[in-house]
Amino acid sequence: MKNDATVNGTLVAADWVLPVASPAIKHGAVAVHEGQIAWVGKLEEAPAEVAGWPIERHAGILTPGLVNGHTHLQYTGFVELGRGSYTSFEHWSEEFEVFYDAVTDPAEWGVAAREGAQLALRSGSTAFAEIVTDEPARGTLAGFGLQGIEYLEAIGETEARWGSGGREAFTAWLDQASECVVGVSPHAPYSLDGEVIRELTELARARGMRIHSHVGESSVEASLYDFGNRDVLEIYGDMRDEFALIRGGGTGLSTARYAESIDLLGRDSHLAHGIYLDRADRDLLRETGTRVALCPRSNRVIGLAAAPVGDYLREGHEFAVGTDSLSSSPSLDLLADVAALAELATAQGYADDDLHERLLAAATLGGAAVLGRDDLGALRAGMRADLAVFDVRVAEGEDARRALVERGEGSCTLTVIGGTVRFTRGAIVSA
Ligand SMILES: [Zn+2]
């Protein structure tokens, strides 16, 4: 199969097909027609309409394209930062600022984002919840045919700054023409005044846009919302004293309650990390339909507590998985984070036999849900033909889903988006 080839009018077959929303199929195939899935099943049972089509056979496991629930592709150049180790979120943030300030040519953000898109394509990801902080990084998803949302980020806006030009500048940015679906990312409830976040969510909802923020990532942010502890705002220097939470001495609310009070929760919103949330906070997320994107390898690099994936599973949450960026993660290979979640869940005492099934669902359907998409994340007639193949051999009697979770990292051999081959064994179809 060649790059920029299409698989339209083809039966893409593999040793195993994992449709995600239905049971695994041994010697399965997917029939692709005009960028969509026309049929999924056992190859030998292909119906007359597709049985005569050419067959592309692959070793290993065929899945829906993976959906990365949290990235910042513009930080793909910050590899050295991601290779470090840190004692806290605040420690990492200080180092991050050094890297960020060292980028003097804004065009570098676009170059880095495009590199990131290529890396992600090489590991089977086809859709992203992508945060854009600097304009040159915009347009990357569309450039590679990737699906998803580019969330424009607001950060460091106090009411005063927002009122003296911030509001107009952000609104104009939001309303620029875009090839990609646009969303709004209030960076975090600590880095923007609550009133500003309320306005940002209003701007988003008035435009039918989705919302994505970082919540529960720092071990000390809860103490800011509760009683005005300024530790999480250390990197803002003197500016930190301008934030309403510092001036007012906090709100007495827990992290999720505070996020709710500034309109950040809801079915149209998802949160990155969600580590430092207690049971009541997690329950509030579930009750409001707010999903979390867990990024376990990023948490490990930054020196944070482990993502409480065992709790999220036991408490009946549906969640997504994200790699975060190379500024805090070793790679953009989403299956490496899925494997990390499986290890964590087991260490946290989750022993139900649906573990691998649910984690793969999180990396596909869970991601599609946080993007507000019902045409991605599963193999079913009528869905987009976004596919990935992983060269993972499944032993006799072994669960194919478990094999993929445990050995999928680095094994992608084919990535297809909307029926078009975007990556195949070592070569990339450029934008
Ligand atoms: Zn992030």
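On a predicted model such as this, the values are computed, not experimentally measured, just so you know.

1. Examining helix H11 (residues 279–288)
- Those residues of H11 that fall on the buried side of the exposure criterion are Asp281, Arg282, Asp283, Leu284 and Leu285.
- Residues of H11 that are buried in the fold lie against helix H10 (255–261), strand E10 (269–273), strand E11 (291–294) and helix H13 (309–314).
- Just downstream of H11 lies Gly289, where phi reads positive at about 75°.

2. Observations regarding the coordination of the zinc ion
- Bound to the zinc ion on the protein side are His70 (NE2), His72 (NE2) and His214 (NE2), at distances that span 2.1 to 2.2 Å.
- Read N to C, the donor residues that coordinate the zinc ion are spaced as H-x1-H-x141-H. Remark: His214 occurs in strand E9 (residues 211–215) and His70 occurs in strand E5 (residues 66–71); sequence separation between them is 144 residues. For the pair shown, His70 and His214 are each scored as buried.

3. Here we look at the nonpolar core
- Residues Phe170, Leu200, Val309 and Phe319 are the most contacted members of the largest nonpolar core, which totals 102 residues.
- Sorting elements by how many residues they give to this core places helix H14 (residues 334–347) first, with seven residues.
- Counting the residues that make up this core, at least three belong to each of domain 1 (1–19 + 28–38 + 381–385 + 415–426) and domain 2 (66–370).
- Discounting chain neighbours no more than four positions away, the residues touching Phe319 are Val292, Leu294, Val309, Tyr312, Leu313, Leu341, Leu359, Ala362 and Gly366.
- Residues Val17, Val32, Ile37 and Leu387 belong to the second largest nonpolar core, which totals 18 residues.

4. Brief notes about the UniProt feature "domain: Amidohydrolase-related" (unreviewed entry) in the protein
- Mapped onto the present numbering, the UniProt feature "domain: Amidohydrolase-related" (unreviewed entry) falls on residues 61–419.
- With 40% helix and 16% strand, residues 61–419 has its two end C-alpha atoms placed 17 Å apart.

5. Examining the layout of surface pockets
- A volume near 470 Å³ is recorded for the largest pocket.
- Around the largest pocket sit 27 residues that line it, and Tyr75, Phe96, Glu97, Ile155 and His187 are the ones nearest its centre.
- Here the lining of the largest pocket takes seven residues from helix H3 (residues 89–101), the largest share from any one element.
- A class-by-class count of the residues in the lining of the largest pocket yields eleven nonpolar, eleven polar and five charged.
- Of the pockets and cavities examined, the second largest pocket occupies roughly 350 Å³.
- Arg291, Glu318, Ala361, Leu365 and Gly366 are the residues nearest the centre of the second largest pocket, which is lined by 16 residues in total.
- Top element by residues in the lining of the second largest pocket is helix H15 (residues 355–370). It accounts for eight residues.

6. Re the domain arrangement of the protein
- If you check the domain split of the protein, you get domain 1 (1–19 + 28–38 + 381–385 + 415–426) and domain 2 (66–370).
- If you average the C-alpha positions of domain 1 and of domain 2, the two centres end up 31 Å apart.
- On the domain 2 side, the residues contacting the eight residues of domain 1 number ten residues.
- Counting the surface lost from both domain 1 and domain 2, the interface buries some 730 Å², and carbon and sulfur atoms represent 62% of this.
- Taken together, the connections running from domain 1 to domain 2 amount to zero salt bridges.
- Linking domain 1 with domain 2 are two residue pairs in polar contact (both at pLDDT 80 or more).
- When residues of the side of domain 1 that touches domain 2 are traced back to their parent elements, those giving at least two are strand E14 (412–417) and strand E15 (420–424).
- Top contributing element to the side of domain 1 that touches domain 2 by residue count: E14, with three residues.
- Across the side of domain 1 that touches domain 2, the residue classes tally to four nonpolar, two polar and two charged.

7. Notes on the packing of H15 against helix H16 (residues 400–407)
- The interhelical angle for the contact between H15 and H16, taken along N-to-C directions, is 65°, at an axis separation of 8 Å. Relative to H16, the crossing made by H15 is left-handed. Residues His356, Glu357 and Leu360 of H15 form the contact with H16, whose participating residues are Arg401, Arg402, Leu404, Val405 and Glu406.
- Per-class residue counts for the contact of H15 with H16 are three nonpolar, one polar and four charged.

8. Digging into the packing of aromatic side chains
- Within this structure, the stated rule accounts for 17 aromatic pairs.
- An angle of 20° between the planes, with centres 5.4 Å apart, marks the rings of Tyr75 and Phe78 as stacked. Like Phe78, Tyr75 is buried.
- Here the aromatic rings of Tyr225 and Tyr258 are separated by 4.9 Å at their centres, their planes lie at 15°, and the arrangement is stacked. Highlighted residues: Tyr225 in helix H8 (residues 221–227) and Tyr258 in helix H10, separated in sequence by 33 residues. The pair formed by Tyr225 and Tyr258 is uniform in burial state, with each residue classed as buried.
- Each member of the aromatic cluster is reached from another via a ring pair, and the members are Tyr75, Phe78, Phe89, Trp92, Phe96, Phe99, Tyr100, Trp109 and Tyr190.

Rules used throughout
Within every chain, residues take consecutive numbers counted from 1 along the sequence as written. Only residues with pLDDT of at least 70 get local features here, since the model is predicted, and only at 80 or more are side-chain atom pairs given and counted; chain-wide, interface and lining totals rely on the full set of residues. To get the side-chain values, all heavy atoms of the structure are used, and hydrogens and water are removed first. Three labels apply to residues, based on accessible area from a 1.4 Å probe with only protein chains included: buried if under 20% of the type maximum, exposed if over 50%, partly exposed otherwise in between. Think of it this way: any DSSP run of H or I at least four residues long counts as a helix, any run of E at least two long counts as a strand, and we number them from the N terminus. The contact definition used throughout considers only heavy atoms, calling two residues in contact when any of these lie within 4.5 Å. Donor criterion used throughout: N, O or S atom within 2.8 Å of the metal, extended to 3.2 Å for Na, K and Ca. Water excluded; incomplete-looking sites may result. Here the nonpolar core consists of buried residues drawn from Ala, Val, Leu, Ile, Met, Phe, Trp, Tyr and Cys, with membership extended through side-chain atoms lying within 4.5 Å. In this document the domain limits rely on a domain assignment from an automatic tool or a database. UniProt positions are given in the numbering used here, feature names are shortened, and annotations may be inferred rather than shown by experiment. Two kinds of site are reported from a 1 Å grid over the protein atoms alone, namely cavities, where a 1.4 Å probe fits but cannot get out, and pockets, open sets with protein on both sides within 12 Å along at least five of seven lines, and residues are called lining when an atom falls within 4 Å of a point. Grid points are joined across faces, edges and corners, and a volume is the space filled by probe spheres set on the points. Under this grouping Gly is polar, as are all residues other than the nonpolar Ala, Val, Leu, Ile, Met, Phe, Trp, Tyr, Cys and Pro and the charged Asp, Glu, Lys and Arg. Here's the idea: put two parts together, see how much 1.4 Å probe accessible area each one loses, and the total over both is what we call buried area. The salt bridge definition used is simple: a Lys or Arg side-chain nitrogen within 4 Å of an Asp or Glu carboxyl oxygen. Whenever two N or O atoms come within 3.5 Å, that pair is a polar contact, provided that in protein one can donate a hydrogen and the other can accept it, and provided that, for residues adjacent in sequence, both atoms are side-chain atoms. Here, axes are lines fitted to C-alpha atoms. For helices the fit covers the stretch in contact, and angles between N-to-C directions go from 0 to 180 degrees. Here a crossing is taken to be left-handed if its near helix is turned anticlockwise relative to the far helix by less than a right angle, and right-handed if that turn runs clockwise. Pairing of aromatic side chains requires ring centres within 6.5 Å, counting the rings of Phe and Tyr and the six-membered ring of Trp. Pairs whose planes differ by under 30 degrees are stacked, by over 60 edge-to-face, and all others tilted.

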